[in-house]
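Close look at the chain arrangement
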Amino acid sequence: MTSSDPTVLPDPWQSLHKLLAAMDAEIEQVYIERGIEGVRPRFAYPLIRLAHTGPLTIRELAESLDRSHSAISQTIAAMRKEDLVTSEPGPDARTRRIDLTERGRSLVPFLEAEWRATHATVAELDGEIPYALTTVVEELRRALEHRSMRQRVLGHLVEPPR
């Protein structure tokens, strides 16, 4: 054990996590106000993509959305519980093909409209703040391309004696 608990210091990511959670909660409230229960904002991207591509395996869907297999697998499980997607055996025993249910398909026009409205809202917010969030994110990405997070952490890491 070290001499002091480093977790007593404020988490530098906490405000970002709270902001993203609050924005998702606001979007979910839009769904609820429209009578759409059990749909989370994270469902919109895969539901819209499936509406345009037809059935995909979890791996294909994850790749098309640039998300991890694990994250999409968890999202699919949650969407299945809400009767938004079906999961059928794929071409081999290791894969499952995901498709929209009738409920999922019926929500896509609204989800596409919300997606566009959310993008317009982000653009509006970018115009209201001195440093556009989309620009900051892109600059962070470029800085991490130059010197990765791993390299930066290792540069600060002081390992305890063994």
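Residues numbered from 1 in each chain as written. Predicted model: local features only at pLDDT ≥ 70, side-chain atom pairs only at ≥ 80, totals over all residues. Heavy atoms only, no water.

Let's shift gears to the overall build of the protein. The number of helices and strands found in the protein is seven helices and three strands. From first element to last, N terminus to C terminus, the protein shows the α and β order α-α-β-α-α-β-β-α-α-α. Radius of gyration (C-alpha) of the protein: 20 Å, far over the 15 Å computed for a compact globule of 162 residues. Each principal axis of the C-alpha distribution contributes one length, and for the protein these read about 55 × 45 × 30 Å. Evaluated residue by residue, the protein yields a buried proportion of 24% over its 162 residues. Residue pairs in contact within the protein that sit at least 24 positions apart in sequence constitute 44% of those at least 6 positions apart. On the protein, roughly 11900 Å² of surface is accessible, and the fraction owed to carbon and sulfur atoms is 57%. Both charge centroids of the protein, one from 21 positive and one from 25 negative side chains, sit 6 Å from each other. (Helix = DSSP H or I, 4+ residues; strand = E, 2+ residues; numbered from the N terminus. Rg over C-alpha atoms; globule rule 2.2 N^0.38 Å. Buried < 20%, exposed > 50% of the residue type's maximum accessible area, 1.4 Å probe, protein only. Contact = heavy atoms within 4.5 Å. Areas by Shrake-Rupley, 256 points an atom, 1.4 Å probe, with all protein chains shown as cover. Lys, Arg positive; Asp, Glu negative; His and termini not counted. Charge placed at Lys NZ, Arg CZ, Asp CG, Glu CD.)

Another aspect to go through is the nonpolar core. In globular proteins that are soluble, nonpolar side chains generally tend to be buried together. Membership of the largest hydrophobic core comes to 25 residues, with the highest contact counts inside it found for V39, L47, I76, V85 and L111. Elements supplying a minimum of two residues to this core: helix 1 (14-33), helix 2 (41-53), helix 3 (58-65), helix 4 (69-81), strand 3 (96-100) and helix 5 (102-128). Looking at which element gives the most residues to this core, the answer is helix 2, with five residues. (Core = buried A, V, L, I, M, F, W, Y, C linked by side-chain atoms within 4.5 Å.)

Now for the pattern of salt bridges. With the rule as written, the count across this model stands at six salt bridges. Residues R40 and E28 are paired through a salt bridge, measuring 3.3 Å at the closest nitrogen-oxygen approach. On the criterion of sequence distance, the pair formed by R40 in the loop between helix 1 and helix 2 and E28 in helix 1 is long-range, its members being 12 residues apart. Residue R141 is joined to E145 by a salt bridge in which the shortest nitrogen-to-oxygen separation is 2.3 Å. With R141 and E145 both in helix 6 (residues 133-146) and four residues apart, the pair spans about one turn of that helix. Overall, the relative accessible area of 37% leaves R141 in the partly exposed class. Linked by salt bridges that have partners in common, E138, R141, R142 and E145 make up one network. (Salt bridge = Lys/Arg side-chain N within 4 Å of Asp/Glu carboxyl O.)

So, on to a nonpolar patch on the surface. On the surface, a nonpolar cluster with roughly 950 Å² of combined accessible area is contributed by W13, L16, L19, L20, M23, L125, L144, M149, V153, L154 and L157. Of all the secondary-structure elements, those providing two or more residues to the nonpolar patch are helix 1 and helix 7 (149-156). With four residues, helix 1 is the largest single contributor of residues to the nonpolar patch. Mapped onto the fold, L144 is located in helix 6. The exposure class of L144 is partly exposed, given its relative accessible area of 34%. (Patch = residues over 30% accessible without salt bridge, like charges linked within 9 Å, V, L, I, M, F, W, Y side chains within 5 Å.)

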